[in-house]
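# Summary of the model geometry
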Amino acid sequence: MNNLKFNSQKSMDFIAIGRLCIDLNANEINRPMEETMTFTKYLGGSPANIAVATSKLGIKTGFIGRVADDQMGRYIVNYLKTSNIDTSSVVTDKPGSVTGLAFTEIKSPTDCSILMYRDNVSDLNLEPNDVKEEYIKNAKAILISGTALAKSPSREAVFLALDYARKHDTIVFFDIDYRPYTWTSVEETSVYYNLAAEKCDVIVGTREEFDMMEMLTMKGNKDDHATAQKWFDFNAKIVVIKHGKEGSIAYTKEGEEITGAVFPVTPLKTFGAGDSYAGAFIYGLMQGWDIGRAMEFGAGSAAIVVSSHSCSDAMPSTDQIQDFIDNYEK
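We now turn to the structure provided with this report. The residue count restarts for each chain, going from 1 along the sequence in the order it is written. Per-residue local features of the predicted model are confined to residues with pLDDT of at least 70, and side-chain atom pairs are confined, for both listing and counting, to 80 or more; whole-chain, interface and lining totals are unaffected and use all residues. Side-chain measures were taken over the full set of non-hydrogen atoms in the model, leaving aside hydrogen atoms and water.

## Looking at the sheet that holds strand 2 (residues 21–26)
Any two strands between which DSSP finds at least two bridges are classified as paired. A run of H or I in DSSP becomes a helix once it reaches four residues, and a run of E becomes a strand once it reaches two; helices and strands are each numbered from the N terminus. Read across the sheet, four strands follow the order 3-2-6-7 without closing on themselves; strand pairing throughout is mixed. Sheet topology places strand 3 (39–44) and strand 7 (112–117) at the edges, where each strand pairs with a single neighbour. Put simply, the sheet's adjacent strands are angled 25° from each other on average, direction ignored. The pairing of strand 2 with strand 6 (residues 101–106) spans four bridges and is classified as parallel. Across the sheet, the residue bridging to D23 is A102, located in strand 6. Axis geometry follows a simple rule: fit a line to the C-alpha atoms, using only the stretch in contact for helices, then measure angles between N-to-C directions, giving values from 0 to 180 degrees.

Set out below in structure tokens:
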């Protein structure tokens, strides 16, 4: 079952908050980055990719974030607008900051890595003043992503958004999105992730990400059920723990345990799976589907995106996902 209650009176469906950056994906695949000569530019950043995914699926989507005052920042805003994403809360940062870059290396379908340029990035300059109470009040749901918690003032902006969401009955999705290079220490990460997770309705992450969150309070725990149970004492209704190729398991506050479908494909790359999964999973939940069906939709979307060169550009439509699922066995 799906125990989330979305307020149908609200004008905006979904708002993502946080990282807006550029992906530069290697064109020469199956070789190390040292030998890669050309890259293709795409919109990047976990919450940005998820927003593109939900918008493509027909959900009325907005974004709260900061972009650099440069060509890359303008590219990002134009990309969002072309993707039918409301940019009224996307702020151009003061001159001096830069757009975060992610260079991807595709050595093989299973051996992929990302080289990040994250010094002095504009997305972490998001300020509490950028977060408008009315904007969140009018949304059925918001998504926060862990990287935005890594530095001030972005961290405070996210916590303010969480407070507005709780005050106005806006459902909160938390994509853990742990990127170690953005943080000072694992302890710092664990503390702020836990404080944020207490205010969220749906928490989605890999087993490794939950291990990181538990390193101070439940060190060594490998029991998914115990992990999920902790958050039901706060606001959580659904906790999804992902186990890579083994698929994902969703736990509900009512005690259900749902194993998600998996669609093994030969991937082109490994990144993008989590964002495409999250977008389609959120879509399903917002349609009122049961959790198992929403997870299946997420897995179908992820299988399509890992078979494609880009993340944002490859986000599929509802028909594409349904066709993939219907014809997978055939």
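Still more ground to cover, so stick around.
## A look at the pairing of strand 4 (residues 61–67)
Each residue is assigned to one of three classes by its accessible area relative to the maximum for its type, calculated with a 1.4 Å probe on protein chains only: buried under 20%, partly exposed between the two thresholds, exposed over 50%. Within strand 4, seven of the seven residues are buried, which leaves the element mostly enclosed by the surrounding structure. Of the two faces of strand 4, the one carrying T61, F63, G65 and V67 and the one carrying G62, I64 and R66 are both buried. Two strands pair when backbone bridges link them, and strand 1 (residues 12–17) and strand 4 are joined in this way by four bridges, in the parallel orientation. Paired with A16 across the two strands is F63, which belongs to strand 4. For strand 4 and strand 5 (residues 85–92), the ladder comprises six bridges, and the chain directions are parallel. Bridge pairing links G65 to V90 in strand 5. Crossovers are described as right-handed under a simple rule: with the strands pointing away from the observer, the path leading from the first strand over the helix to the second runs clockwise. Tracing the backbone out of strand 4, into helix 2 (residues 71–82) and back to the parallel element strand 5 gives a crossover that is right-handed.

## Structural notes on the packing of aromatic side chains
Pairs were defined over the aromatic rings of Phe, Tyr and Trp, the Trp ring being its six-membered one, requiring ring centres within 6.5 Å. Orientation was assigned from the angle between planes: stacked under 30 degrees, edge-to-face over 60, tilted for the rest. Applying the stated rule across the entire model yields 16 aromatic pairs. Seen in terms of ring centroids, F263 and F324 are 5.5 Å apart; in terms of plane orientation they differ by 80°. Their pairing is edge-to-face. Taken together, the residues F263 in the loop between strand 13 (257–259) and helix 8 (273–286) and F324 in helix 10 (residues 318–327) connect sequence positions 61 residues apart. Its relative accessible area of 13% is what places F263 among the buried residues. Given a relative accessible area of 19%, F324 falls into the buried group. Taken together, a centroid distance of 4.9 Å and an interplanar angle of 90° make the contact between W289 and F297 edge-to-face. Per residue, the accessibility class of W289 equals that of F297, and both read buried. Members of the aromatic cluster, connected to one another through ring pairs, are F174, Y178, W183 and Y193. Across the ring face of Y75, the terminal group of K41 is positioned such that the distance to the ring centre comes to 4.1 Å. Put simply, a charge is over a ring when the Lys NZ or the Arg CZ is close to the ring centre, within 6 Å, and near the line of the ring normal, within 35 degrees.

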